[in-house]
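Now for the letters of each chain:
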Protein chains: 2
Amino acid sequence: MTKLQETYKNLTDYVKEITYLESASALLDWDQQTHLPKSGSDYRSAQLAYFAGEIHRRRTSAELLDWMNEIIHSPEFDQAPQEIKTNVSVLKREHEKSSKVPDDLVQALAHAAAQGHQHWLDARDKNSFDLLAPPLEHLFKLKREQSEAIGYTDSPYDVHIDDYEPGCTTRFIKEQLGVIKKDLVEITAAASNASAQPNSAVLKANVEATEQQALSLAITQAIGFDYNRGRLDESAHPFSTGLGPDDVRITTRYNQQSFKESLFGTLHEAGHAMYEQGLRADQYGLPSGNYCSLGIHESQSRLWENLVGRSRGFWHHFYDLTKSHTASAFDNVPLDTFYNAINSVQPSLIRVEADEVTYNLHIIIRFELEVDMIEGNLSIADLPDAWNQKYKDYLGITPDSYNTGVMQDIHWSAGLVGYFPTYTLGNIYASQLFNKANDELGDLNKMFEQGEFHSLKNWLNTNVHQLGRRYDAVELIETVTGEVASSKPLISYLRGKVNEIYEL
Amino acid sequence: MTKLQETYKNLTDYVKEITYLESASALLDWDQQTHLPKSGSDYRSAQLAYFAGEIHRRRTSAELLDWMNEIIHSPEFDQAPQEIKTNVSVLKREHEKSSKVPDDLVQALAHAAAQGHQHWLDARDKNSFDLLAPPLEHLFKLKREQSEAIGYTDSPYDVHIDDYEPGCTTRFIKEQLGVIKKDLVEITAAASNASAQPNSAVLKANVEATEQQALSLAITQAIGFDYNRGRLDESAHPFSTGLGPDDVRITTRYNQQSFKESLFGTLHEAGHAMYEQGLRADQYGLPSGNYCSLGIHESQSRLWENLVGRSRGFWHHFYDLTKSHTASAFDNVPLDTFYNAINSVQPSLIRVEADEVTYNLHIIIRFELEVDMIEGNLSIADLPDAWNQKYKDYLGITPDSYNTGVMQDIHWSAGLVGYFPTYTLGNIYASQLFNKANDELGDLNKMFEQGEFHSLKNWLNTNVHQLGRRYDAVELIETVTGEVASSKPLISYLRGKVNEIYEL
């Protein structure tokens, strides 16, 4: 064993132990959202805060830094395998950033985020923004402290977007979202004003949760989610989480009146989870075995939810199965009518139920609001009004309650600030990746028609998942597709679909 | 703050952190038994081993020892509150014992125990003792190494019984079990030879798992298990576990052909869990907020399962509810017939399905075998034959497969050696405690008839649960009942019931 190999082994053994703590912490969180008894939440919050502190202490430890410096300055480093270079350089970048945040702020953030889950549930229970405002105020205060601790040039929001999208800036996102905002409003208006309108009413069906679950299990298994290495459970807010190299879990919620919520929600989470299941197991917990960015993560979820899950080929294949699990509700609905209905474009209040076009307007609203809050230009007290105003301006509609408005998402309560724009980045990247896969593999839609989803999954395994964090998101897109990151394929896809459905 | 208070705060803060790790480890274990995807078990085993090592390292740390010595030698210690004395002296005793076990042995034991769960499932799946023998061999080898590391005077088994029953010895258990063995065989024979026999066939009923679950939930809630601070789930082997001061969980399994298995199993686990829910929350993780011993723990589970759950008053109260959840199976069965049936005494192969009398013979068999294995007088290869021979000698029956014989329990595979005798100690203590409660509270059976269970629960809260580890088990029984530990009340109770049911 060379000196570099020896030091590298120390480093990876150390990170392996941190990963044990992180995946235990992920289980504590999964359990909190799926099983924790009501009164258990105080202790769990304190426990999660302890884990966050313990993990942070180790991630920012001096010995980790020493090992990394020793490896980077070793004469052998230039010739080291790519995975070692990736692991050490990414860990070093994270070490530098994390080291700037004091331990007590890390624990305070973790504690507030864990408690936020219960606060959000309680506030929603009473539809009361008054209940949510003080914890939100506290969380955004801590988030601003985090910005100051880490430091920034342009915007304190840069620090937070960088947490989820390493290397990305507020300016980049403003540019990307600025470009598409006009297009999205225009496409939405074109759909609204078209004379041919899909019949969305056909989707109204009363479907038992057990049947919805059976359908979700069958479809996600067919597209490639491995249930020997994962599970599907229920939670108030759907999510996916990795608890080990062979344990990736997704959750959903069942609305008896709207089976498509759980189905598309589950497809979305399965897309996330198939990314995690496709990561390199031998590099588990290390950057080479980790996901690239949340934007790329979302590209996987949105790709399976929309580009696959709302395609004609997909429904050609799965319509009969769906009929058999939906209480005969679609027996007399032709496939074309169903396909148009699940692709209809209509301004609506709830992000997670939004269509592919207006979804991005929901994101733009949240992004603009959270930037304003972090930059100190919007107070929590003024948030509900600002929310409603933007919904009126961009979507032409106004929430009838906090629950269908500013309190619909758990993100801010859970301390996820800087997270929302990654959904639209995901849509942008998804279109680029899908087009490339379609070029390389042939007609994907025809494959879906025949129930063939594994070619696409395998292509993503090879071209995206197995690369880990070798590149940042923008570099990954360029490397894989040969094109710079661009929203043109997304807009062209959305416009094409709306033109088709609305006969424009 | 005095110097003692300051040091004591350091100590309790430190233990609080260990407790966060321990309760996370308990969740990892709960999840492994209830939810973990099949392929996730390797990583989970390694992770549990890491946690065991990390916890052991802290429990045996030099700083912990320094603080304890400082407190004990402080002039203020004599006047310190009882809870401080209990906490420090018990922690010190544990520190001394744990410190003798090397880190790598602790991790090897934890790893083998965690993997044992999957080995046991796999071996059971194929009814193959060949599959189980190598991991069992490995586990008992590690257990013997543990005996040697810690040291003992009389028997290497002393070390293991002391893990679950602090202060207890192999000799004490041999005496207690030796006394009752003859009585139990005699009572079993009297029942078998009686002319009046209960009609056990009436218990055969086909009851859906959902109905069994509804019944178990209703009954456990009625007797005092708090579902705001706990849950009921399914697992292959029923267990209870504490994951926080307000999060105590129980599991059961549903056999559609035998509703009584899950019902009495759930009552048993609820008894355990009500003990944990009754511990002092302000002392969570410290000896004053911990359970006394497994024998006392089992006294609580067996008390609720048998002395309450198989009593006439209990069934007088719950029979109608039970009828409403058991598919009309008992509509034409008089209460007396039902009561006799659930109290019938009959040698059988499966411990967890055994009646109150023969149950203790199952335990005696396991105790004798594990003592022989730890003392090196019985090899794993000879275990199945030795098992079958003892079943023939004590119960007059022979298992027809490994699954109904030597492989029925998970304990040995999970590294639980020294655990079995605590079940019978529990039965002994339960009878003593129940008699005392009955003396102090009045006719308990009459209370049960009226659905009044909280007096008993509150009495146990005050007289047992809230005392934590202030006393060891034998001292606790003496303090609470005024009598030395004795199997006489148990034998007298069993004989009385058999005489009643069998009209002797």
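Keep in mind that this is a model prediction, so the values were computed, not measured.

Draft legend 1. Focus on the domain arrangement of chain A. Residue and element names in this part refer to chain A. Partitioning chain A into domains gives domain 1 (3–134) and domain 2 (170–501). Averaged C-alpha coordinates put domain 1 and domain 2 at centres separated by 26 Å. Where the side of domain 1 that touches domain 2 is concerned, the elements lending two or more residues are helix 1 (3–34), helix 4 (82–99), helix 5 (103–126) and helix 6 (129–150). A total of eleven residues in the side of domain 1 that touches domain 2 trace back to one element, the largest contributor, which is helix 1. Its residues assigned to classes, the side of domain 1 that touches domain 2 shows 15 nonpolar, twelve polar and four charged.

Draft legend 2. Quick peek at the interface of chain A and chain B. On the side of chain B, 26 residues touch chain A, which itself brings 26 residues to the contact. Broken down by secondary-structure element, the contributors of at least two residues to the side of chain A that touches chain B are helix 1, helix 2 (41–59) and strand 1 (230–234) of chain A. Of the residues forming the side of chain A that touches chain B, the biggest block, seven residues, is contributed by helix 1 of chain A. Grouping the amino acids of the side of chain A that touches chain B by side-chain chemistry returns ten nonpolar, eight polar and eight charged.

Draft legend 3. Representation of the sheet that holds strand 3 (residues 247–252) of chain A within the structure. Residue and element names in this part refer to chain A. What the three strands build is an open sheet, ordered 1-3-2; its pairing is mixed. Only two strands of the sheet have a single partner each, and these edge strands are strand 1 and strand 2 (240–244). When the angles between neighbouring strand axes are averaged without regard to direction, this sheet yields 25 degrees. Pairing of strand 1 with strand 3 involves five bridges; the strand directions are parallel. From the neighbouring strand, E234 faces strand 3, where its bridge partner is T252.

Draft legend 4. The arrangement of the relation of the copies chain A and chain B in detail. With an axial shift of 0.0 Å and an RMSD of 0.0 Å, the rotation relating chain A to chain B amounts to 180 degrees. Here the copies are linked by what is in effect a two-fold axis. No C-alpha of chain A approaches the rotation axis more nearly than that of A:A24, which lies at 3.4 Å.

Draft legend 5. View of the packing of helix 1 (residues 3–34) of chain B against helix 3 (residues 62–72) of chain B. All names here are of chain B. At a minimum axis separation of 9 Å, helix 1 and helix 3 run at an interaxial angle of 145 degrees. Taken as a pair, helix 1 and helix 3 cross one another with a handedness that is left-handed. Here L4, T7, Y8, N10, L11 and Y14 of helix 1 come into contact with helix 3, specifically with L64, W67, M68, E70 and I71. For the contact of helix 1 with helix 3, the class distribution of residues is eight nonpolar, two polar and one charged.

Draft legend 6. Inspection of the packing of helix 14 (residues 358–374) of chain A against helix 15 (residues 383–395) of chain A at higher detail. Residues and elements named next belong to chain A. Put simply, helix 14 and helix 15 touch, their axes get as near as 10 Å, and they point 145 degrees apart. Regarding helix 14 and helix 15, the two cross each other, and that crossing is right-handed. Counting all contacts with helix 14, which are made through T358, L361, I364, I365, E368 and L369, the residues of helix 15 involved are L383, A386, W387, K390, Y391, Y394 and L395. In terms of residue class, the contact of helix 14 with helix 15 is built from ten nonpolar, one polar and two charged.

Cut-offs and rules
Residues numbered from 1 in each chain as written. Chains lettered and ligands numbered in written order. Predicted model: local features only at pLDDT ≥ 70, side-chain atom pairs only at ≥ 80, totals over all residues. Domains from an automatic or database assignment. Helix = DSSP H or I, 4+ residues; strand = E, 2+ residues; numbered from the N terminus. Nonpolar A, V, L, I, M, F, W, Y, C, P; charged D, E, K, R; others polar. Contact = placed C-beta atoms within 7 Å. Pairing = 2+ DSSP bridges. Axes fitted to C-alpha atoms, helices over the stretch in contact; angles between N-to-C directions. Least-squares fit on C-alpha atoms with pLDDT ≥ 70 in both. Left-handed = near helix turned anticlockwise from the far one by under 90°.

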